[in-house]
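Spelled out, the chains give:
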Amino acid sequence: MNQDLLLELVEKHEAPLYVYDADVIEGKYNAFKNAFDVENLEIHYACKALTNLSVLSLMKSLGSKLDCVSVQELQLGIKAGFAPEDIMFTPNGVGEEEYDQAISLGVKINVDNVQMLEYLGSTYPDLELCVRINPHLMGGGNSKISVGHIDSKFGVSIHQLPLVHRIANKYNIKINGIHVHTGSDIHDGDIFIRAAHLILTAGESFKDLEYIDFGSGFKVAYKPNDFHTDINKFGQKFSEVFNAFCKKMGKNFTLKFEPGKYLVSESGSLLTKVNVVKQTTSCTFAHVDSGFNHLIRPMFYDSYHHIDNLSNPEGDEKLYNVVGYICESDTFATDRIITEVRKGDILRFRNAGAYCFTMASNYNSRYRPAEVLVKGGEGYLIRERETIEDLVKGQKLIKF
Ligand SMILES: *Cc1c(COP(=O)(O)O)cnc(C)c1O
């Protein structure tokens, strides 16, 4: 995105500020869609990556459907204009009441364990269900986001499929979808294909099958020349496997994916202002007006976020430790080369579209940042910065 526009936006709305580029989101959506050559493709945006209502509305306008992991996300999706039947509910480890609420909203239901399958089958005789299968394949960029391996808490083990069929027969449950999601940020593109073979083979035993949902985990580039999923190559390979399955079964199944990060990561920037530049004997700290309360990925996942000095792009390159203003260690980057940083400069953290604002908190009683969506060169404020009212909302002050 145009750097001058970013500086204008931060001037107008102040730092720290999240800015998302709608053109980037649209480009990624279309690239994803066009990578596959199958009869029926449905993309369900995994909204936990970024749930702002305007972003959801943008996704809907592009033709996307939605994947939600909580009742609250379902409510946001419906508020943003999605039809309930276009929303998939894929929670993990939630109680019966939350499934009951989701069912009353009319969304598609993905079941994560056999106990819940039994409950839903016995309680809702005519409900169509999707079953989340754990193929026991190791995927995911690190152990925190790798959810398909043998010890993972997600999904019904592929070894328990006989039990799934027994429960389905007992209650006459129509299982019309199966689902797999092997984790986020996968480095090994072939893992998808391996999981696909396992899941498709499992799919042969589901007589009511209409769709197969392969989740997500597509890797995006976080730094220049970083490895990322080649979506065209993957789409082509995957389409062949999927089309062969349809042909073998004599039925045109719907292929679903649930990308989150792939669609929104690169669209976002977190713009921060430098409060202090502190020289010590061993290094130089650039303290920005943010911390893990706004962007926790570097501290939580050791994630790399590229940092540019927007307001001094031509300065001499130097080494910095970029840190926040939280009273705790909150290091964004160590020994990072950035053009000379001065007090008041605006530092831009890239790849701040996915799992950044949605993981933000009020730690240190700081406000969560405002959010701006840029479309057609125009910046739209899509969330106001919080105020002290937001921090005290719902609290009851007992005066002792
Ligand atoms: C988080 C999640 C996704 C999205 O993963 P990304 O790596 O962001 O694309 C998709 N499906 C399910 C079930 C998820 O929990």
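In this text, all values refer to a predicted model and were calculated from it rather than measured experimentally.

Caption draft 1: Expanded view of the overall build of the protein. Scanning the protein from N- to C-terminus turns up 12 helices and 18 strands. In terms of C-alpha radius of gyration, the protein reaches 23 Å, essentially the compact-globule figure of 21 Å for 400 residues. For the protein, the spread of C-alpha atoms along the principal axes amounts to about 70 × 60 × 40 Å. Each of the 400 residues in the protein was classed as buried or not, and the buried ones make up 55%.

Caption draft 2: Focus on helix H4 (residues 71-79). For H4, the set of buried residues is Val71, Glu73, Leu74 and Gly77. Projected onto a plane normal to the axis of H4, the buried residues spread over an arc of 155° and lie on a single side. Buried residues belonging to H4 abut helix H3 (53-62), strand E3 (65-68), strand E4 (87-89) and helix H5 (96-105). Positive backbone phi, approximately 115°, marks Gly81, located one or two places after H4.

Caption draft 3: Expanded view of the packing of aromatic side chains. Tallied over the entire structure, the rule returns 22 aromatic pairs. Measuring from centroid to centroid gives 6.5 Å for Phe36 and Phe238, while their planes differ by 85°, and the two rings are edge-to-face. Taken together, the residues Phe36 in the loop between helix H2 (22-34) and strand E2 (40-46) and Phe238 in helix H9 (residues 231-249) connect sequence positions 202 residues apart. On the basis of relative accessibility, which here comes to 9%, the residue Phe36 falls in the buried class. When its relative accessible area of 1% is taken as the criterion, Phe238 is described as buried. The ring of Tyr262 has Lys28 lying over it, and the distance from NZ or CZ to the ring centre is 4.0 Å. It is Lys256 that lies over the ring of Tyr211; its NZ or CZ is 4.7 Å from the centre.

Caption draft 4: Molecular detail of the nonpolar core. The biggest cluster of nonpolar side chains holds 103 residues, and the ones touching the most others in it are Tyr45, Ile109, Phe214, Phe238, Phe242 and Val322. No other element matches the eight residues that helix H8 (residues 190-203) contributes to this core. Residue contributions to this core reach at least three from each of two domains, namely domain 1 (22-261) and domain 2 (265-392). Of all hydrophobic cores here, the second largest spans 13 residues; its members include Leu17, Val19, Leu271 and Leu310.

Caption draft 5: Here's a closer look at the domain arrangement of the protein. We note that the domain assignment places domain 1 (22-261) and domain 2 (265-392) within the protein. Here the C-alpha centroids of domain 1 and domain 2 sit 32 Å apart. On the domain 2 side, the residues contacting the 23 residues of domain 1 number 23 residues. The junction of domain 1 with domain 2 conceals about 2100 Å² of combined surface from both sides, 55% of it contributed by carbon and sulfur atoms. Our enumeration of links across domain 1 and domain 2 arrives at one salt bridge. Summed over the shared surface of domain 1 and domain 2, the number is 10 residue pairs in polar contact (both at pLDDT 80 or more). When contributions to the side of domain 1 that touches domain 2 are tallied by element, the ones reaching two or more residues are H2 and H3. When residues in the side of domain 1 that touches domain 2 are grouped by element, the largest group, six residues, is from H2.

Caption draft 6: Geometry of the environment of Ile382. Relative to the helices and strands, Ile382 resides in strand E18 (residues 378-383). Overall, Ile382 belongs to the buried group, its relative accessible area being 16%. A C-alpha to C-alpha distance of 21 Å links Ile382 and Ile296, two positions 86 residues apart in sequence. Other than its neighbours up to four places away in sequence, Ile382 contacts Tyr20, Asn52, Ser54, Val55, Glu371, Val372 and Leu373.

Caption draft 7: Quick look at the packing of H4 against H5. Orientation of H4 relative to H5, taken along the N-to-C sense of each, is 15°, at an axis distance of 10 Å. It follows that H4 is roughly parallel to H5 by the angle criterion. Judged by the sense of rotation from one axis to the other, the crossing of H4 with H5 is left-handed. Residues Val71, Leu74 and Ile78 of H4 form the contact with H5, whose participating residues are Glu98, Gln101, Ala102 and Leu105. In terms of residue class, the contact of H4 with H5 is made up of five nonpolar, one polar and one charged.

Caption draft 8: Seen up close, the pattern of salt bridges. A complete count under the given rule lists 15 salt bridges for this structure. A salt bridge links Glu266 to Lys28; its shortest N-O distance comes to 2.8 Å. Here Glu266, found in the loop between helix H10 (261-264) and strand E11 (268-279), pairs with Lys28, found in helix H2; they are 238 residues apart in sequence, far enough to count as distant. Its relative accessible area of 32% is what places Glu266 among the partly exposed residues. The shortest N-O distance in the salt bridge between Arg383 and Glu371 comes to 2.6 Å. One end of the pair, Arg383, is in strand E18; the other, Glu371, is in strand E17 (residues 370-375), and 12 residues separate them in sequence. Judged by relative accessible area, which is 0%, Glu371 ranks as buried.

Caption draft 9: Structural context of unusual backbone geometry. The omega torsion of the bond from Ala15 to Pro16 falls at -10°, within 30 degrees of zero and hence cis. One non-glycine residue with positive phi stands out, namely Glu14, at about 70°. By secondary structure assignment, the location of Glu14 is in the loop between helix H1 (3-13) and strand E1 (17-21). One non-glycine residue, Tyr355, lies in positive phi territory at about 60°. Examined against the element boundaries, Tyr355 turns out to sit in the loop between strand E16 (346-349) and E17.

Rules of the game
- Every chain is numbered on its own, with residues counted from 1 as its sequence reads.
- At least 70 in pLDDT is required for a residue's local features to be given in this predicted model, at least 80 for side-chain atom pairs to be given and counted, and no such filter applies to totals for whole chains, interfaces and linings, which use all residues.
- Note that the side-chain values use all heavy atoms of the structure and ignore hydrogens as well as water.
- Elements are defined by DSSP. Helices are runs of H or I of four residues or more, strands are runs of E of two residues or more, and each kind is numbered from the N terminus.
- C-alpha atoms define the radius of gyration, and 2.2 Å times the number of residues to the power 0.38 defines the globule rule.
- Only protein chains enter the area calculation, which uses a 1.4 Å probe; residues under 20% of their type maximum are buried, those over 50% are exposed, and those in between are partly exposed.
- Arc, as used here, means the arc of the directions from the helix axis to the C-beta atoms.
- A contact between two residues is defined here by any heavy atoms of the two lying within 4.5 Å.
- Pairs were defined over the aromatic rings of Phe, Tyr and Trp, the Trp ring being its six-membered one, requiring ring centres within 6.5 Å. Orientation was assigned from the angle between planes: stacked under 30 degrees, edge-to-face over 60, tilted for the rest.
- We call a charge positioned above a ring when the Lys NZ or Arg CZ atom is no farther than 6 Å from the ring centre and deviates by at most 35 degrees from the ring normal.
- In this description, a nonpolar core means a group of buried Ala, Val, Leu, Ile, Met, Phe, Trp, Tyr and Cys residues linked to one another through side-chain atoms lying within 4.5 Å.
- Either an automatic procedure or a domain database provided the assignment from which the domain bounds are taken.
- A quick way to say it: buried area is the sum, across both parts, of accessible area lost when two parts are put together, with a 1.4 Å probe.
- We count a salt bridge whenever a side-chain nitrogen from Lys or Arg sits within 4 Å of a carboxyl oxygen from Asp or Glu.
- Definition of a polar contact: a pair of N or O atoms within 3.5 Å, with one able to donate and the other able to accept a hydrogen when the atoms are protein atoms, and with sequence-neighbouring residues admitted only if both atoms are side-chain atoms.
- Here the axes come from fitting lines to C-alpha atoms, over the contacting stretch only for helices, and the angles between their N-to-C directions go from 0 to 180 degrees.
- Throughout this description, any angle smaller than 35 degrees is read as roughly parallel, any larger than 145 degrees as roughly antiparallel, any in the 65 to 115 degree range as roughly perpendicular, and the remainder as oblique.
- Left-handed describes a crossing whose near helix is turned anticlockwise from the far helix by less than a right angle; the clockwise case is right-handed.
- Residues are sorted three ways: Asp, Glu, Lys and Arg are charged, Ala, Val, Leu, Ile, Met, Phe, Trp, Tyr, Cys and Pro are nonpolar, and all the rest, Gly among them, are polar.

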